[in-house]
Amino acid sequence: DLENKSRNTSQNNYYKKWLVAASIILLCGLGYISINTNTTSTPELFASYFEPYRNVIHPIERGSEQQDKKATAFMAYEKGEYEKAINLFTELFKDTKEPYYLFYKANALLKLEKADEAIPLLLEHLKTKDTLTEKTHWYLALAYLKIENSQKAKDLLNTIISRGLYKNKEAEELLKEFE
């Protein structure tokens, strides 16, 4: 009987040692994973890098009484009245087919956190060749970040870096966030 107790105690000690060892290995593994996992979400990265592109198409002259639709649209954009700007950019694009309206409408949509609506506009703008086309890659990459499509965002960031496009230094920084 004493022999059985001794054997049971030694078996219990054996299992306890293995249980402790397994627990330590599990905790170390979880610690490693948590340290090496990107803790910044893609929407947070979007928020830290996104800033609407400045108005270079129709600079607003203070005190100017000229209030055509184009001036009104860009004034709304500059004031942060993005819903109003979006409506005006939509009308202006319909009337003129000027591709920069797509770009600014997409920027306004991004500011309103409507990346899913901005992406088709940015893709359409990429098909055109105006002074803003190079910048579209950056905003499209950010839009993909916002909707958590990391792969498309990474692909665009790599394109920006390899071609030396607008915001290529920021693209390098942002790409490091994924590693």
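To be clear, the structure that these remarks concern was listed above.
What counts, and where the lines are drawn
- Residues numbered from 1 in each chain as written.
- Predicted model: local features only at pLDDT ≥ 70, side-chain atom pairs only at ≥ 80, totals over all residues.
- Heavy atoms only, no water.
- Helix = DSSP H or I, 4+ residues; strand = E, 2+ residues; numbered from the N terminus.
- Buried < 20%, exposed > 50% of the residue type's maximum accessible area, 1.4 Å probe, protein only.
- Contact = heavy atoms within 4.5 Å.
- Areas by Shrake-Rupley, 256 points an atom, 1.4 Å probe, with all protein chains shown as cover.
- Arc of directions from axis to C-beta.

Draft legend 1. Main features of the overall build of the protein chain. Of regular secondary structure, the protein chain possesses 9 helices and 0 strands. For the protein chain, the α and β elements follow one another from N to C terminus as α-α-α-α-α-α-α-α-α. Relative to its 179 residues, the protein chain shows a buried fraction of 37%. At a minimum sequence separation of 6, the contacts of the protein chain that also span at least 24 residues come to 51%. Counting only carbon and sulfur atoms, one obtains 52% of the accessible surface of the protein chain, whose full area is about 11,200 Å².

Draft legend 2. View of helix α9 (residues 168–176). For α9, every residue scored as buried is listed here: Asn168, Ala171, Leu174 and Leu175. Relative to the axis of α9, the buried residues are bounded by an arc of 115° and lie together on one face. Residues Lys169 and Lys176 are exposed on α9 and point more than 90 degrees away from its buried face. Packed against the buried residues of α9 are α2 (42–49), α7 (133–146) and α8 (150–163).

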